[in-house]
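Descriptive analysis of the structure
The lines below spell out each chain.
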Amino acid sequence: MLKNSTILIVDDEPEAIKGYEQFLNPDSHKANQRKSSRSKSSSSTVTPSGGEDEFRLLTATSGVEALKLFLEETKKGNKIAAGFFDVKLGAGIDGLEVIRQIKEVDHDMLCVVVTAYQDRSVDDIGKFFGEAFRDRWDFLSKPFTQGEIIQKARQMVSSWNRKKQLEATQSQLVASERLAAVGQIARGVGHEFGNILLRILGKADLALGETDVTKIKAHLEVVVKAAERAGSIVKNLQTFSKTEPK
């Protein structure tokens, strides 16, 4: 499974956006400055140029642009591992509402709420998100240091990828166990049907060679019972397949 290193950064201050880019992808930031200055959109992408930490950055300066970027990535089948969201984004929806709307679509994305001057307390943010979301967001106050940003980015990206790897491993394990169970059932059914067919063919052959009606009837009764047994096995298999998780 390929590592997902995509991070969404939402802040209405261009200088703050530049700070994230310089901290997380210093080499790529310089290479993308001219390209970003020519863009008419308030959103941009910074692609990592290599190094120990490689983060693909998506940036937006408003809540609307952030949601647009998120939906565009989702339509492409791309997942965003994590995001830094400034609380106050000027006019329009704030960072907390952006997170809430994103979580309605993607429950796995990890989020850091970034505040300046303690404009929202941890308790206020916790109440806004609700108890179910209690342990699924982090908190950071401005001004932040390069070490704080880099470490939180590392932690979130690593955590997201570990979770996906664990889910993939569990799915493979379940699939392997189910395949083994199906194989065991198939062997048992094959053995059972082999015995049934042997009885049917044997009694049918004896019935064909008989002239005594009573003996012919006895042979055919065995054939009927064997066929009924086969029918019962098929019915049980159909019931089992309907109860298997999809």
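Everything discussed here concerns the structure shown above.
Below you will find a few notes about this structure.

Summed over all chains, the structure comprises 11 salt bridges. Where Asp11 meets Lys142, a salt bridge forms, and the shortest distance between an N and an O atom there is 2.6 Å. Remark: Lys142 occurs in strand S6 (residues 137–142) and Asp11 occurs in the loop between strand S1 (6–10) and helix H1 (14–24); sequence separation between them is 131 residues. For the pair shown, Asp11 and Lys142 are each scored as buried. Of the charged contacts in the structure, one is a salt bridge between Asp108 and Lys163, with a shortest N-O distance of 2.8 Å. Linking Asp108 in the loop between helix H4 (95–105) and strand S5 (110–116) with Lys163 in helix H6 (residues 146–209), this pair joins segments that are 55 residues apart in sequence. Ionic contacts of the salt-bridge type, sharing partners, join the residues Asp108, Lys163, Lys164 and Glu167 into one network.

Let us now look at the side chain of Asp86. Within the secondary structure, Asp86 sits in strand S4 (residues 82–86). In contact with Asp86, other than residues within four places in its own chain, are Val10, Asp11, Asp12, Gly95, Val114, Thr115 and Lys142.

What follows covers H6. Note that an α-helix has 3.6 residues per turn; residues three or four places apart therefore point the same way. Given a rise of 1.5 Å per residue, 64 residues ought to cover 94 Å, and the 93 Å separating the end C-alpha atoms of H6 matches this to within 8%. Residues of H6 that are buried: Ile149, Ile150, Lys152, Ala153, Met156, Val157, Trp160, Asn161, Lys164, Ile196, Ile200 and Ala207.

With that out of the way, let us pick up the packing of aromatic side chains. Two numbers describe a pair of aromatic rings. These are the distance of the centres and the angle of the planes. All chains considered together, the criterion is met by 6 aromatic pairs. Geometrically, the ring pair formed by Tyr20 and Phe84 is tilted, given 5.4 Å between the ring centres and 40° between the ring planes. In this pair, Tyr20 is assigned in helix H1 and Phe84 in strand S4, connecting sequence segments 64 residues apart. Note on accessibility: Tyr20 and Phe84 belong to one class, buried. On the numbers, 4.6 Å between centres and 85° between planes, the contact of Phe129 with Phe133 is edge-to-face. The same class applies to Phe129 and to Phe133, which are both buried. Among the aromatic side chains, those forming a connected cluster through ring pairs are Tyr20, Phe23, Phe84 and Phe144.

Conventions we followed
- Residues numbered from 1 in each chain as written.
- Predicted model: local features only at pLDDT ≥ 70, side-chain atom pairs only at ≥ 80, totals over all residues.
- Heavy atoms only, no water.
- Salt bridge = Lys/Arg side-chain N within 4 Å of Asp/Glu carboxyl O.
- Helix = DSSP H or I, 4+ residues; strand = E, 2+ residues; numbered from the N terminus.
- Buried < 20%, exposed > 50% of the residue type's maximum accessible area, 1.4 Å probe, protein only.
- Contact = heavy atoms within 4.5 Å.
- Expected span 1.5 Å × (residues − 1).
- Phe/Tyr/Trp six-rings, centres within 6.5 Å; stacked < 30°, edge-to-face > 60°.

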